[in-house]
Amino acid sequence: MSKGTFRPRFVPALFLLLQMTLHPTAGWGGTAPPGWNRDNQPAPRLPPVNWARPRKFDVQHLALDLRFDWPRKQAHGTAVITLVPLAATDRIALDAAYFTITAVTSGHGAPLSFDYDGGDKNENLRIRLGREYRAGEAVTVKIAYRTNWVNHTDPDNLSGSTGKGLRFFEPTSNDQTRPREIWSMGDPEGNRYWFPGFDAPNDVRTTELTATVAKPLSVISNGMLLKTKDNGDGTRTFHWKTETPYPNHLTALVVGEYVDVQQVCDGIELHNFAYPGEVEAVKATVARLPEMLRFFSQTTGVKYPYPSYAQVSAQDLPWGTANHMFSTQTENMIDDDRTHADFLYLWDGLEAETLAHQWFGNYLNCSDWSHVWLNRGFAHYFDGLFNESKNGHDEFLLWQLRADHSTYLSDWNAGLRHPVVTRNYENAEGFAADNYPYVRGAAVLHMLRKHLGDEIWGKAIRHYVKTHGGQLVSTEDFRKSVEAVSGEPLDWFFDQWLYKMGHPVFSVTKAYDPAAQRLTLTVKQVQTVDPAAVFPQTQYFAGKVEVEIDGRIEPVWLEPKAENVFSWPATQSPKLVNFDFESTWIKEIKFEKTLDELLYQVRHDRDVLGRRWALDELVAQAQKPDLAATDKNRICAELRNLIQSPAYWRLRLAALQQLQNLLAPPPNSQPAMLDAETLAMLHHLIRHETSWNRAAALNFLGLTQNPQYADLYCSFFNDPSDRVVNAAAIALGRSKSPQAFEALAKLVNRPSWKNQSLMSALSGLQQLGDPRGSDIALKALADGRLLRWRLPTPPVWDVRVIAVNTLVALGNGEAAGPLLQKHLAKAVEENDLSGMFNNLLLLTKVAHPQGQEVFSSLRTKFKDDPKGLETIRSYEAQFNENLKAAAAKRN
């Protein structure tokens, strides 16, 4: 995944999308036939009900002893499971996906008979115990097995995919620097693919893992490392053990070559496992981890509940995942100190979120997946609380809250609609990773915090954590804790925001009566209930809303009805009225304001989100074709004023980007003609702003395509921020300056973290259009590094994608064809799916005429793989379109 690329969680099942976009229209002459709607389509139905899984026994302890077969991508060994029946029985059934089971014995070594269905269904391994065991009488079984499930890279997700069970990685011809590595994915029901057990969240047990690997590899797993044994044959055995019971999906392991970067916080051991070449970068990346641990301990009222915590980097993992006492983090989180300074908000957010899961999702864990928001929504919100405490309230509002609202509304508008808490979902894998428990869940927590006030909110959280720590929890447990502290019934709040779906759509109007000296605000809820929806919906919403009137805050209570009217005494017409101060509510809103009112709000609003909203409204007005030139000039002047004000940097950045959209709108094929005031402002920003704003100003200035700024751009090739270097390189390329090629060619060898200089140089060469850039791009495509030193984990595919884009931009895409075909052939020979589909994607971009043969051979290879075939056909269609476009361009 490229720097700055954020991979959101995947969305609910396609089935839900299809359901929620069905709307009844005329078609049937009356009532539709049973099972059909009036569109002559199958009527929407609720997804199946998923109750908490019934337990027939209580697993007490799991002990794994494993070795790994790298060529076959398999684990083999034994699982010893100790459990107690909840009722007298002479047999048990476990979850075990796609195993080869060689033997099952009792704790005393006696052979036990068993039936095994294969596949991945629940309770598919049935073991006869040889006699009846009483309820509560301990039973131990030992299962000797080999895994068969092999995770392949998802061809639809070239930035990485989580898979399930174990994922194996080794160097390939296409990626020779790839480290040897194994990591597991158990959340939500993936652990059955690498060990047998009860794969549901409503059972907890202790574990130990003994694993043997070749030197210099290490094994990281749950709990404490009890022993490392050198076997004298080139292998080592690692023994990990936990003392605190925890759910099945939180068991995990990572195998790789690592260096332990240690910290200590209030007696808690912190282990950060780094790739050998990234030790200093890991130190920079994890510098705030102790602060995070102290913050969560103080905020929850419970000190970190385990003796240690660890983090380990993993390749091809798109984000991060929390396990019991350690987290597996994407390798992209690790940056040197300069790069991490630019991405602090993103990677500190991941680090804080996975750590918060040790409280929410481990110390307290949802009793079943319908309550998964208690894990994911809480961890995400508490990551935001740490961000707020560290970087300020405006940062929390602009970075997290605004993004959470936007992500939720995007899903809603795409037809992905269901409550946060529901037992009706297709499968745990889709629901647990859904955006609703995550971003809407966090946004609901924020609304609850604002409703209660910070003092009561804090007490309620501490009551919840202390009361239910070490237990399985439900949404009702949380509600009761909040009510116990606040003394306020909150069933209405939980019902409308969690158990039902939807959000208010407000239409707000204001009126001032000078004779009565009174301000009136009319608030209409204009959302409609969808009669075709299968989930319960809230018709009208209720709750406390804060209204900002000329800087003072007036709380009002919104009744659950179509129209609410509020009024206040006012000696003069207010200059600023802001409904829902700080955008607490999940909502859509229409509030018509005059140009003067918006200009005033942008400059004077106490609410940074109110200013951000007014900024967008101003730009929308400026883009109207009938707006007077004088008014557009007023808007641009106000944007320049905001950009150069002491406002928070994210707001200044948004204003800068919006001003660019007004003065130099896409596609930027012609030089931007900027006025003297804007040019002077950009020169000042480039010298004095923060890194992201400097980069944005350089990009804006670069749209002038003026070669007189070439020296200025080159002077920023040694900026400490690679964001600035990248913007300067692109601006230099756009300038078409005679000195640009030499400067960009030299930039290739500038030391940088993970090839960022090379990628910036290639991006600049794309804009320059100098055919000499093809040689640099071809070398980058062939080698993937093109540096004088070897980084431990260079982003080979990031470089190759930019190299191919550069060749295409220079009109020389076909030159990459033979090399890509060679890479692809090697990937096919080695059965390297990552190499196959990455090269196929690049081949599609260049549209080499001989590429058609590749698609034919791949369709044959994947004839029994529907997902692979679907991806190949998609790429082939794009390939043919690109081929036609290239032919048309030549003609």
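If you're wondering where the values come from, they're calculated on a predicted model, not measured in any experiment.

**Q** Help me understand the sheet that holds strand β26 (residues 552-558) in this model?
**A** Neighbouring strands of a sheet are bound in pairs by backbone hydrogen bonds; such pairs are parallel or else antiparallel. Taken in spatial order, the three strands line up as β26-β25-β28 in an open sheet, and their pairing is antiparallel. At either margin of the open sheet sits one strand with a lone partner, and together these are β26 and β28 (577-579). Along the sheet, successive strands turn relative to each other by an average axial angle of 25 degrees, direction set aside. When strand β25 (residues 543-549) meets β26, the two strands line up antiparallel, connected through seven bridges.

**Q** Whenever I open this one, the packing of aromatic side chains confuses me. Can you help?
**A** Given two aromatic rings, one states the distance between the centres and the angle between the planes to describe the pair. Inspection of every chain in the model, using the stated rule, returns 47 aromatic pairs. The cationic tip of R650 hangs over the ring face of Y345; the distance from NZ or CZ to the ring centre is 4.6 Å. Taking NZ or CZ as reference, R800 lies 4.9 Å from the ring centre of W797, over its face.

**Q** Where do I start with helix α15 (residues 629-643) in this structure?
**A** Each α-helix winds once per 3.6 residues, and so residues spaced three or four apart point in a common direction. Relative to the 21 Å expected for 15 residues at 1.5 Å per residue, α15 spans 21 Å between its end C-alpha atoms, a close match to the ideal helical length. When α15 is considered as a whole, its buried residues turn out to be I635, C636, E638, L639, R640, L642 and I643. Along its buried surface, α15 packs onto α13 (595-604), α14 (608-622), α16 (649-663) and α17 (676-688).

**Q** Could you clarify how one ought to interpret the packing of helix α11 (residues 475-486) against helix α12 (residues 491-499) in this entry?
**A** Two quantities define a packed helix pair, namely the angle between the axes and the distance from one axis to the other. Relative to each other, α11 and α12 sit at 145 degrees, their axes nearing to 11 Å. Crossing of α11 over α12 shows right-handed handedness. Counted together, T475, E476, F478, R479 and E483 of α11 and D491, F494, L498 and Y499 of α12 form the full contact between these two elements. Residues belonging to the contact of α11 with α12 are distributed by class as follows: four nonpolar, one polar and four charged.

**Q** Help me understand the sheet that holds strand β17 (residues 268-274), please; the structure alone is not making it clear to me.
**A** Strand order in the open sheet formed by five strands is β16-β17-β18-β20-β19, and the pairing between neighbours is mixed. Where the open sheet ends on each side, the last strands, each with one partner, are β16 (259-265) and β19 (320-322). Across the sheet, the mean angle separating the axes of adjacent strands is 15 degrees when strand polarity is ignored. The sheet contact formed by strand β18 (residues 308-314) and strand β20 (residues 326-330) spans five bridges and is parallel. The partner of S313 across the bridge, within β20, is Q329. Helix-sheet contacts for helix α5 (residues 344-356) involve β18, β19 and β20, and the interaxial angle to β20 is about 155 degrees.

**Q** Quick question: what am I supposed to make of the pattern of salt bridges here?
**A** Should the charged atoms of two oppositely charged side chains come close, the side chains can pair. Counted by the stated rule, this structure contains 50 salt bridges. With its nearest N and O atoms 3.5 Å apart, the salt bridge here joins D58 to R55. Owing to a relative accessible area of 31%, R55 belongs among the partly exposed residues under this scheme. Between R723 and D342 there is a salt bridge, and its shortest N-O distance comes to 3.3 Å. Here R723, found in helix α20 (residues 722-735), pairs with D342, found in helix α4 (residues 337-342); they are 381 residues apart in sequence, far enough to count as distant. Summarising the burial analysis for this pair, R723 and D342 share the class buried. Each of R53, D95, E189, R192 and D199 takes part in a single network of salt bridges with overlapping partners.

Reading the values: rules and limits
Residues numbered from 1 in each chain as written. Predicted model: local features only at pLDDT ≥ 70, side-chain atom pairs only at ≥ 80, totals over all residues. Heavy atoms only, no water. Pairing = 2+ DSSP bridges. Helix = DSSP H or I, 4+ residues; strand = E, 2+ residues; numbered from the N terminus. Axes fitted to C-alpha atoms, helices over the stretch in contact; angles between N-to-C directions. Phe/Tyr/Trp six-rings, centres within 6.5 Å; stacked < 30°, edge-to-face > 60°. Lys NZ or Arg CZ within 6 Å of the ring centre and 35° of its normal. Expected span 1.5 Å × (residues − 1). Buried < 20%, exposed > 50% of the residue type's maximum accessible area, 1.4 Å probe, protein only. Contact = heavy atoms within 4.5 Å. Left-handed = near helix turned anticlockwise from the far one by under 90°. Nonpolar A, V, L, I, M, F, W, Y, C, P; charged D, E, K, R; others polar. Salt bridge = Lys/Arg side-chain N within 4 Å of Asp/Glu carboxyl O.

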